[in-house]
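# Residue-level structure breakdown
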Amino acid sequence: MTQRAFHPRDGALLDLEALQALAEVPHHLLDALLTVHAPGASGLVLEGLELTGDWTATGPPGTVRPDGAAPGFYVSPGSAIVTDATGVRRLVRVAERTLVPWPTAAGVAVRGVLSIGVQVNLAAGPGGLSVAREEVEPALRVERLEVFDRTDRLPLAVATGNGLDWATDLRRILPPEHPVLQKLVRDIEGIERAVWEAEPEGAVWEKSVIGRSWVRYQTIASAALQAGRMVLDTQAMSTVGRVRTLASLRRKLEETVPSAANRVVQLCGPSDLPGPWRRVLPTGK
């Protein structure tokens, strides 16, 4: 299958198809970025676009409790890849802190998903003259949970079990110094301490799969946790990468110190929450 590519040459005609080839370049670049960092997703937060509020100790990584006394969600400036209604990848930026009003009288406890889409309009020149450009505007709003997987809306946050907290690590790239990553690293360090305090347990131990030295099981579990911590603590990573890291940890801990594997699962919140963190659960769904 061939692709159009813009290639200027002396004397060559600059026709509509040549201009279309030029216009398609951003879409292909953004699509390639999504394929690497968020395969199968239609959008990705590149930076910012976070809810103002306090980080919570419960729920999946990145869970926030917004200020219930505020008139709505406050979303920080940031940028994201979003797919429009025609399937074109768009780079959109929210330039300033934005208020998204609560959609109902329930306030912060409203059930739903805070998402961002794009509004694309044909631009016009003086006197309504047709011009070869578009105006792309971000569109933030709270919608029903049924729209979580819509291809033309990128979820920024989704209500968790208690109705007051909102999970935000859904489709994001975060640097190692981000509070979400720092908390996750501390949680993993706590699990590693628990590994060395654990007593012999589990079917693998009972079957002596890797011998009768419990220290050997603990050492393997500790090494896996340290490897996961180093990955999270040293590179910018998308939500998919974090989910894969914790899912791999959970599988390795099940083979060595099962109680530690359970603690990894507990980091990922309720099993009925929409989003990628369910893949860390033993069912992997």
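Described below are features of the structure shown in this document.

Scoring rules and cut-offs
- Residues numbered from 1 in each chain as written.
- Predicted model: local features only at pLDDT ≥ 70, side-chain atom pairs only at ≥ 80, totals over all residues.
- Heavy atoms only, no water.
- Core = buried A, V, L, I, M, F, W, Y, C linked by side-chain atoms within 4.5 Å.
- Buried < 20%, exposed > 50% of the residue type's maximum accessible area, 1.4 Å probe, protein only.
- Helix = DSSP H or I, 4+ residues; strand = E, 2+ residues; numbered from the N terminus.
- Axes fitted to C-alpha atoms, helices over the stretch in contact; angles between N-to-C directions.
- Parallel < 35°, antiparallel > 145°, perpendicular 65-115°, else oblique.
- Contact = heavy atoms within 4.5 Å.
- Nonpolar A, V, L, I, M, F, W, Y, C, P; charged D, E, K, R; others polar.
- Pairing = 2+ DSSP bridges.
- 1 Å grid on protein atoms, 1.4 Å probe; cavity = no way out; pocket = protein on both sides within 12 Å on 5 of 7 lines; lining within 4 Å.
- Points joined across faces, edges and corners; volume = space filled by probe spheres on them.

## What to know about the nonpolar core
Core analysis: the biggest nonpolar cluster contains 29 residues, and L225, L232, L246, L253, V257 and V280 have the highest contact counts within it. Counting only elements with at least two residues in this core, the list comes to α2 (179-197), α4 (214-234), α5 (239-254) and α6 (258-266). A total of seven residues in this core trace back to one element, the largest contributor, which is α2. Core analysis: the second largest hydrophobic core is formed by 24 residues, V94, V118, L140 and A157 among them.

## Points about the packing of α2 against α4
Interaxial distance between α2 and α4 falls to 9 Å at its minimum, and their mutual angle equals 175°. When the axes of α2 and α4 are compared, the pair comes out roughly antiparallel. Of α4, the residues touching α2 (which contributes L181, Q182, L184, V185, I188, E189, I191, E192, V195, W196 and E197) are V215, Q218, T219, A221, S222, L225, Q226, R229, L232 and D233. Split into classes, the residues belonging to the contact of α2 with α4 amount to 11 nonpolar, five polar and five charged.

## A closer look at the pairing of strand β10 (residues 154-159)
Buried residues dominate β10, accounting for six of its six residues. Sheet topology note: the β10/strand β11 (residues 166-167) ladder contains two bridges and is antiparallel. Bridge pairing links A159 to W166 in β11. From the end of β10 to the start of β11, which pair antiparallel, there are six residues, and G163 there has a positive phi angle of about 80°.

## Some remarks on the pairing of strand β5 (residues 78-83)
A regular strand places its side chains so that they alternate between the two faces of the sheet. The element β5 is extensively covered by neighbouring structure, given that six of its six residues are classed as buried. Of the two faces of β5, the one holding G78, A80 and V82 and the one holding S79, I81 and T83 are both buried throughout. Inspection of the sheet shows strand β1 (residues 44-48) paired to β5 by four bridges, in the antiparallel sense. When the bridges of β5 are listed, G48 appears paired with G78. Of the pairings in the sheet, the one linking β5 to strand β6 (residues 89-94) comprises six bridges and is antiparallel in character. Across the sheet, T83 pairs through a bridge with R89, a residue of β6. The loop that links β5 with its antiparallel partner β6 comprises five residues; one of these, G87, has a positive phi angle of about 90°.

## Observations concerning the sheet that holds β6
Reading across the sheet, the three strands line up as β1-β5-β6 and stay open at both edges, with antiparallel pairing between neighbours. Bordering the open sheet on either side are β1 and β6, each of which pairs with just one other strand. The sheet shows a mean angle of 20° between the axes of neighbouring strands, taken without regard to direction. Each of β1, β5 and β6 touches helix α1 (residues 16-37); the most contacted strand, β6, lies at about 85° to it.

## Describing empty space enclosed by the protein
Any empty space left between the atoms is revealed when a probe the size of a water molecule rolls over them. By the definition in use, this model includes one cavity of 30 Å³ or more. Approximately 30 Å³ is the volume found for the largest cavity.

## So, unusual backbone geometry
Positive phi outside glycine occurs at L49, with the angle close to 55°. Looking at the secondary structure, you find L49 in the loop between β1 and β2 (53-55). Judged by its relative accessible area of 0%, L49 is buried. Positive phi, normally seen in glycine, also occurs at S208, with a value near 55°. Within the element layout of this structure, S208 appears in the loop between α3 (203-206) and α4.

In short, the description is geometric, and any link to function would need to be established separately.
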